[in-house]
Structures are given as structure tokens and as C-alpha cells.
There are 2 protein chains.
Amino acid sequence: MPLIKISVTLKPTLLDAQGRAVHGALKNLGYNNVEKVRIGRYIELNLEDGPDIDGQVREICDKLLANPVIEDYRYEVVK
Amino acid sequence: MPLIKISVTLKPTLLDAQGRAVHGALKNLGYNNVEKVRIGRYIELNLEDGPDIDGQVREICDKLLANPVIEDYRYEVVK
């Protein structure tokens, strides 16, 4: 049963307030060598093996896991 | 400047209520071939190249990005 690892992030042009807050917190902790923090969601799911895994993952992401208007997603299939 | 991709998930023994809800929603949408959904956070950051990137990423995760008591994290360094 393949494992699908999906990461969903805000599109790069949008302000990521959560990422900015974490960036500020890291600077306060003394990590001045950190740049550009972006925060998103990570989803792991197992899908029964079938003929069109990629198509199905894309469908699931577009319908439920990501908002394609403001978010990008990437996924990786681990057999 | 290396890009660090970090994923944080609840430890496998803990109930992931959000993952369970998404699993139920997928079943309602007709995706009966999905198993074991786990949801976590995804963090991307750029770190200035230095002598001990791994050590620093682990420190940042333990201190700020993950709660090591209930969460596991994995990371990947993309040079």
C-alpha cells in the first residue's frame, strides 16, 4: 500500500503571517542565519495500489486537502 | 543558502483527531481506498550555510518548531 506524503503551503506571493512570526521568534532566540520561513500543512496517507494513483492524489488535494486558489501542494509517492 | 524542509507529525501512538476527521471526510466523498491519514505541520526555511547545519536544525526543531514530548519531526536539507 503506497504511502503518499503531501505538503501544502501558501502560494509564494501571499504573506505567510505564521511563518513571519516563527521567523521573528527564531531571531529572538538568536538564530540570525535563518531566512524566509514558510509554514504549511503536512499530510500522510496510505492509498490502496491502483491504476491512477497520481490522478487520485491530485483529485483529493484539489477537493479536500488544499485550497488551489491560495495554496500550492507537492506530493511524493513512497511505494 | 540551503533550504530545509521539515515535517512535524504527532507520534504514531497518539490519536490524530484531525487526521481521523479528514479520513472520515474522504470516505464520505467516496474515497474508500484511503487508509491511515495523519496530519502535521510543514515548515520550510533557508539557513545560511555553516559548519553544523544538522545540529542547528535539530536544535531549532527541539526548541521551537516541534514538541518532542508528543511529536516527531523529519527534515531534509536541499543544497
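Refer to the structure above for everything that follows.
Bear in mind the structure is a predicted one, so any value in this text is a computation, not a measurement.

**Here's the deal with the relation of the copies chain B and chain A**
Mapping between the two chain copies consists of a rotation about an axis together with a translation along that axis.
Then, number 1: Of the transformation placing chain B onto chain A, the axial shift is 0.0 Å and the rotation is 180°, giving an RMSD of 0.0 Å. Within this description, the copies of the chain are treated as partners about a two-fold rotation axis.
Then, number 2: Looking at chain B, 100% of its interface residues are interface residues in chain A too, so the copies touch through the same face.

**Quick word on the sheet that holds strand 1 (residues 3-10) of chain A**
Then, number 1: An order of 3(A)-1(A)-2(A)-2(B)-1(B)-3(B) is seen for the six strands of this open sheet, with the pairing classed as antiparallel. This sheet does not close on itself; its edge strands, each paired only once, are strand 3 (71-78) of chain A together with strand 3 (71-78) of chain B. Strand-to-strand twist in this sheet, taken as the mean axis angle between neighbours without regard to direction, amounts to 25°.
Then, number 2: Direction of pairing for strand 1 (residues 3-10) of chain B relative to strand 3 of chain B: antiparallel, over a ladder of eight bridges. Bridge assignment links Leu3(B) to a residue of strand 3 of chain B, and that residue is Val78(B).

Thresholds, definitions, all that
Residues numbered from 1 in each chain as written. Chains lettered and ligands numbered in written order. Predicted model: local features only at pLDDT ≥ 70, side-chain atom pairs only at ≥ 80, totals over all residues. Heavy atoms only, no water. Least-squares fit on C-alpha atoms with pLDDT ≥ 70 in both. Contact = heavy atoms within 4.5 Å. Pairing = 2+ DSSP bridges. Helix = DSSP H or I, 4+ residues; strand = E, 2+ residues; numbered from the N terminus. Axes fitted to C-alpha atoms, helices over the stretch in contact; angles between N-to-C directions.

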